[in-house]
Amino acid sequence: MRCEAIIRSGTRQTASDITNTGERNNKMEDNKLYDASQIQVLEGLEAVRKRPGMYIGTTSTQGLHHLVYEIVDNAIDEALAGACDRIDVVIEPGDIISVTDNGRGIPIDIQKQTGKPALEVVFTVLHAGGKFGGGGYKVAGGLHGVGASVVNALSEWLEVFVHKNGSIYHIAFARGAIVRPIEVVGSTEKEGTTVRFKPDPEIFEELVFDYDTLYRRMREQAFLNAGLNISVEDRRPGKERRDQMLYKGGIREFAAWLNTNKTVLHEDVIYLSGNRGDSFAEIAIQYNDSYNETILSFANNIHTSEGGMHETGFKAALTRVLGDYGKKNGVLKGEEKLSGEDCREGITVIISVKLIDAQFEGQTKTKLGNSDIRSLVDNIVSEGLTDYLERNPAVARGIIEKAITASRAREAARRARENIRRKNALEGLSLPGKLADCNERDPALTEIYIVEGDSAGGSAKQGRDSRFQAILPLWGKMLNVEKARADKVYGNEKLAPVITALGAGIGEDFDPSKLRYHKVIIMADADVDGSHIRTLLLTFFFRFMRPLIDGGYVYAAQPPLFKLERGKTVRYAYSDDERDRISAEMRGEDGRGRVEISRNKGLGEMDFHELWETTMDPERRILKRITLTDAIKADQIFTILMGEKVEPRREYIEQNAKYVSNLDI
Ligand code: TSJ
């Protein structure tokens, strides 16, 4: 497949050579021709080795994995042509990759234009990616649309076995140059292609493949290509693993899989598809009862994370279809209207389009620019979804009611925000009663400790430096943010004081320049309850005050794990290692006597002096800055812990039983 394009660019090179060398049939001239193109080949691949970044983006671990995608994409092209139905990817010992398909085998016959076997041309002629002619859809080959020759140029060695016409053909290269020309090495009844390669340590900073990275990518490709059997196997010693993926339902199964652990509004995944000319689009939709929207879109099997015309067409049609349905069936009253966001609350959608000549735009070239795809997807969804809703009134009612509830909740949230704004304007900022504020007014110099429990709150208030440290104790019932819409969050007795104390608003209104403190420190015990409150706050910040996390304003205080006493000397340790080191130090002072070591019982049981010394004094404390990754992790744990599904919760607790001793949920 890919070699059609390669051969075509080879044609172009040869054509100019022909004008230079004159008569084509002359044997000597033919050799010259061969030499000339050979030189071009080497120059081409040398360019790849000189500037690998231009061809694969980066020589980091990401670039390393990109090599595998390039090869696999070629095998997927064969599957798209209907000529193969299985692809096996193996990480061999020594981080060698092998990719095998059961397609027709790369052609080995001599190309008239180049005088070389197609198999050789595929791996030695650098071709520009992107435009592929001929029948069928061509994957534009990962991020940059370049092919097998680039992988070859960047491999210490690469070899290919082609099973075809009853024979096994073999060819081998080193850093892009042929070291063994094509020869028959055996006989076979099968057909297919195997490519084995070892990435070049002269090029890549990192040579170790990550199984999960490859596995996830291959799983995605298996979802996108219904009926294609893909396996991934790790044969490195100690890492042995194998996964086999085959999704007969394709993107229907993709959508359902994304909704695992969620409560779905309708079991049946809505599947719509259609084509116009050479373009094909398919859409799979399944709503769940959450408030999140998950839209994954693809063009020619490439994830378009910046969206583009296919997503735009989908969103416009969805909003229109649900609005029309609501009006027609009298569920939308009077002036009531559904916004696009209302219609997408709780939706999980996969949009996959295949087209010739895909235009990738945007910052990371992951935004589909072909405008005719917008109307194609819009038409498919307009007609197909309207029809589906007519035929499935129960599903239709579930979806439309969810959108209407979303619309009303959004309106209520807007009013609640207005109220807070108006109240603040009238009364000035009325701070929560339990907040012990600091004296300093410059937010850049101040910090707020958010503390669970009144007793720890009391010690913190006594122990703090009130010039720049504020304390906010939390009390009241935990709110399940997973199940709560914005309007509930504003009024929640546990979270409302946090919102007012921080002073920067919430949701769309959140404005970090209004923050009253530039350090927001969560202080909780190192036990299960502590981790619960940390998870709650991080999830809350993640969902409703995202810039707070992105801006690096959030920290976790680290109370010491151990207290070490010897006579009148008291010291604290924050890790096992530190405990052992300090204990040895304390013993070493006069060689005799015991060091009393106690596990720290909790914030509430430290007196204010201890709390200041160990956890609050900027000179001595340890603060952990919370990153987006921490917050995402918290959010996922939260979904599992607070969501309605019992099974994933049980699984999570079982898996983490060794860390969590008395989880009470
Ligand atoms: F990337 C690659 F080129 F190295 C590569 C190509 C890697 C792997 C694993 C598979 C392939 C590949 C190419 N599998 N199958 C093909 N098929 C062809 O190249 C092919 C076969 C037959 C015909 C035909 O017209 O008969 C045409 C083509 C393009």
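Residues numbered from 1 in each chain as written. Predicted model: local features only at pLDDT ≥ 70, side-chain atom pairs only at ≥ 80, totals over all residues. Heavy atoms only, no water.

Caption draft 1: Spatial organisation of the sheet that holds strand β18 (residues 519–523). Read across the sheet, 5 strands follow the order β17-β16-β18-β19-β23 without closing on themselves; strand pairing throughout is mixed. In this open sheet, the two strands that pair with only one neighbour each are β17 (469–474) and β23 (623–625). On average, adjacent strands in this sheet sit at an angle of 30° to one another, irrespective of strand direction. In this structure, strand β16 (residues 447–452) lies alongside β17, joined through 6 bridges in parallel fashion. In the sheet register, Ile-448 faces β17, and the bridge partner there is Ala-470. The strands touched by helix α13 (residues 454–463) are β16, β17 and β18; relative to β17, the strand with the most contacts, the crossing angle is about 170°. (Pairing = 2+ DSSP bridges. Helix = DSSP H or I, 4+ residues; strand = E, 2+ residues; numbered from the N terminus. Axes fitted to C-alpha atoms, helices over the stretch in contact; angles between N-to-C directions. Contact = heavy atoms within 4.5 Å.)

Caption draft 2: Region of the structure containing the confidence of the model for the chain. Across the chain, the average pLDDT comes to 85, with 84% of residues at 70 or higher. Low pLDDT (under 50) marks residues 1–30, which in the prediction has 49 contacts with non-local residues, meaning those over four places away or in another chain. (pLDDT = per-residue confidence, 0-100.)

Caption draft 3: The environment of Val-195, seen in detail. Here Val-195 shows up in strand β6 (residues 192–199). In this structure, the C-alpha to C-alpha distance between Val-195 and Ala-172, residues 23 residues apart in sequence, is 9.9 Å.

Caption draft 4: Expanded view of the sheet that holds strand β12 (residues 302–303). The 5 strands are arranged β9-β10-β13-β11-β12 in an open sheet whose pairing can be described as mixed. In the strand order of this sheet, the two ends are held by β9 (270–276) and β12, each with one partner. Bridging between strand β10 (residues 279–287) and strand β13 (residues 347–354) involves 8 bridges; their strand directions are antiparallel. Paired with Gln-286 across the strands is Thr-348, a residue of β13. On the sheet, helix α9 (residues 309–328) packs against β10, β11 (294–299) and β13 and is oriented at approximately 130° with respect to β13.

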